[in-house]
Amino acid sequence: MSSATSSLSSSASASSSVNVSTATVAKLAFFTVAMIAFPIGTYFLTIDSYFGGNATYAGISAAVVANLVLFAYVAVAVLEDSKDPRSPINIKKQQ
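Residues numbered from 1 in each chain as written. Predicted model: local features only at pLDDT ≥ 70, side-chain atom pairs only at ≥ 80, totals over all residues. Heavy atoms only, no water.

**Digging into the environment of Val65**
Counting through the fold element by element, Val65 comes out in helix α3 (residues 55-82). Residue class for Val65 comes out buried when judged on its relative accessible area of 19%. The sequence separation of Val65 and Thr42 amounts to 23 residues, and the corresponding C-alpha distance is 7.4 Å. (Helix = DSSP H or I, 4+ residues; strand = E, 2+ residues; numbered from the N terminus. Buried < 20%, exposed > 50% of the residue type's maximum accessible area, 1.4 Å probe, protein only.)

**What about the UniProt feature "transmembrane region" (unreviewed entry) in the protein chain?**
Per the UniProt record, the feature "transmembrane region" (unreviewed entry) sits at residues 24-45 and 57-79. For the annotated span residues 24-45, helix accounts for 100% and strand for 0% of the residues, and the straight-line distance between the end C-alpha atoms is 30 Å. For residues 57-79, the end-to-end C-alpha separation is 33 Å, with 100% helix and 0% strand making up the annotated structure. (UniProt positions renumbered as here; feature names shortened; annotations may be inferred.)

**Observations concerning the pattern of salt bridges**
One pass over the full model with this rule turns up 1 salt bridge. Residues Glu80 and Lys27 are paired through a salt bridge, measuring 3.4 Å at the closest nitrogen-oxygen approach. Placement of Glu80 in helix α3 and of Lys27 in helix α2 (residues 22-49) is noted, with a sequence separation of 53 residues between them. (Salt bridge = Lys/Arg side-chain N within 4 Å of Asp/Glu carboxyl O.)

See below:
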């Protein structure tokens, strides 16, 4: 069964292609790096300089930064989606 499943999935992936712009991939890569680096950097920058070694407050500030990065990604994605001039009706007609 696994060989039949793998051959079906490989033929399905070979026949369908998705067009993704380079700008979209670059934004995703930026926000991926930002989601990792900014909260960790915030934690280590604030633990000693702002909070005097209190890891709880530094962790809270890192969580706030992670949420800010997440909200920024959602905002960019919504704004990018709203720039698409095609309506859903036009997309169906083109297919």
